[in-house]
Amino acid sequence: MTQETEATAAASGSRATERFRENKQFAADTSKERVNRLASRLVKAINDTVLEEKVTYDEYNAFKAWLIQVGEDGEWPLFLDVWVEHSVEQVANEHRHGSKGSIEGPYYVPNSPQLQSPATLPMREDEAGTPLLFQGRVTNVDGEPLAGAHVEIWHADDLGFYSQYAPGLPEWNLRGTVIADADGWFEIHTMQPAPYQIPTDGACGKLIAAAGWHAWRPAHLHLKVSAPGYELLTSQLYFKGDAHVGDDIASAVKPELILDPTPRADGTGKEVTYNFALDPVE
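Right, let's walk through the structure included here. (Residues numbered from 1 in each chain as written. Predicted model: local features only at pLDDT ≥ 70, side-chain atom pairs only at ≥ 80, totals over all residues. Heavy atoms only, no water.)

**Description of helix α2 (residues 32-53)**
- End to end, α2 covers 31 Å across 22 residues, agreeing with the expected 32 Å (1.5 Å per residue, within 8%).
- Note on α2: the residue one or two positions beyond its end, Lys54, has a positive phi of about 55°. (Helix = DSSP H or I, 4+ residues; strand = E, 2+ residues; numbered from the N terminus. Expected span 1.5 Å × (residues − 1).)

This is the structure we're talking about:
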């Protein structure tokens, strides 16, 4: 057993909660009328479920205990990002004409090392997995290249673990911000990530077991693509043939986001090309 496989839900959950508090802005300017509308609908939906499903006190108390454990395990970012964020993302990006977005998830870390294209992501000398060349071009929606665009990328390793969320991994393992060239072109050398189960030894895992669900996410690359004057695109890219592209627990897969890598001519792993089109800031 490697050190990273000793990662726990509580440890990664606490780290995700800490990161959220450090890096996210809260909608402090939301009006009382808006808060009232949203909170009232949410409370009504819960109460409607109780009345329609004839929820018992035993079930109610089990639910209350579970909510307490979610907080104690620091798993609110995990719970919300897995089961709710895909709907928020759909609303946030429904106006886009360029590339499709997807969820950010709970394991993003800002300020990753900047690398000029062509680039190799930071990784261990003996990093396991299949080498992957991920390349493409960043343009606007009219197809004009965006020189110097930033392609921020992070993903799990061959065992399904993320650096800074599992013990024993180098700080920036498989994380980087790659700067495209004058033609908007980028080349990123990395390792193809593995599918993984979200943490199951905490409160979210208890819900999954109690409901008879599976905990799998298909293998994916996380990306944030940006250029001055254009909207930031947050997305995930998946891999054709993965067993869970059709039943992702996070409901984040879209047909437009599925990659189909091919063997490299020199026999050193696989390669795939994917282009990003960014919408202008309005």
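**With respect to the packing of aromatic side chains**
- The full count for this structure, using the stated rule, is 14 aromatic pairs.
- For the ring pair Tyr162 and Tyr196, a centre distance of 5.6 Å and an interplane angle of 90° mean the geometry is edge-to-face. Placement of Tyr162 in the loop between β4 (150-154) and β5 (175-179) and of Tyr196 in strand β7 (residues 196-197) is noted, with a sequence separation of 34 residues between them.
- Overall, the relative accessible area of 7% leaves Tyr196 in the buried class.
- Considering the side-chain rings of Tyr274 and Phe276, the 5.1 Å spacing of their centres and the 65° angle between planes classify their relative orientation as edge-to-face. (Phe/Tyr/Trp six-rings, centres within 6.5 Å; stacked < 30°, edge-to-face > 60°. Buried < 20%, exposed > 50% of the residue type's maximum accessible area, 1.4 Å probe, protein only.)

**A word on the layout of surface pockets**
- Of the voids in this model, the second largest pocket is the one considered here, and its volume is about 310 Å³.
- Lining the second largest pocket are 17 residues, and of these Gly160, Phe161, Gln197, Ile198 and Pro199 sit closest to its centre.
- Mapped onto the lining of the second largest pocket, the elements with two or more residues apiece are α1 (9-23) and β7.
- Its residues assigned to classes, the lining of the second largest pocket shows 10 nonpolar, 6 polar and 1 charged. (1 Å grid on protein atoms, 1.4 Å probe; cavity = no way out; pocket = protein on both sides within 12 Å on 5 of 7 lines; lining within 4 Å. Points joined across faces, edges and corners; volume = space filled by probe spheres on them. Nonpolar A, V, L, I, M, F, W, Y, C, P; charged D, E, K, R; others polar.)

**Things to note about empty space enclosed by the protein**
- In total, this model carries 2 cavities of 30 Å³ or more according to the counting rule given.
- Around the largest cavity, the lining is made up of 13 residues, and of these Val82, Gly105, Pro106, Tyr196 and Arg217 lie nearest the centre.
- Broken down by element, the residue count for the lining of the largest cavity peaks at 3 residues, all from helix α4 (residues 76-83).
- Residue composition of the lining of the largest cavity, by class: 8 nonpolar, 3 polar and 2 charged.
- Considering only enclosed or pocket space, the second largest cavity measures out at about 40 Å³ in volume.
- Along the walls of the second largest cavity sit Ala9, Ser12, Gly13, Ala16, Glu75, Leu78, Pro106, Tyr107 and Pro199, which together make up its complete lining.
- Class assignment for the residues of the lining of the second largest cavity results in 6 nonpolar, 2 polar and 1 charged.

**Quick notes on the pairing of strand β13 (residues 270-273)**
- Bridging between strand β3 (residues 131-140) and β13 involves 4 bridges; their strand directions are parallel. Its bridge partner lying in β13, Gln135 is registered against Thr273. (Pairing = 2+ DSSP bridges.)

**Describing the environment of Ala10**
- Within the secondary structure, Ala10 sits in helix α1.
- Taking the C-alpha atoms as reference, Ala10 lies 22 Å from Pro218; in sequence the two are 208 residues apart.

**Things to note about the packing of α4 against helix α6 (residues 203-211)**
- Where α4 meets α6, the closest approach of the two axes is 9 Å, and the angle between their N-to-C directions is 45°. Considering the angle they form, α4 stands oblique to α6. Contact residues: α4 offers Leu78, Phe79 and Trp83, while α6 offers Cys204, Leu207 and Ile208. (Axes fitted to C-alpha atoms, helices over the stretch in contact; angles between N-to-C directions. Parallel < 35°, antiparallel > 145°, perpendicular 65-115°, else oblique. Contact = heavy atoms within 4.5 Å.)

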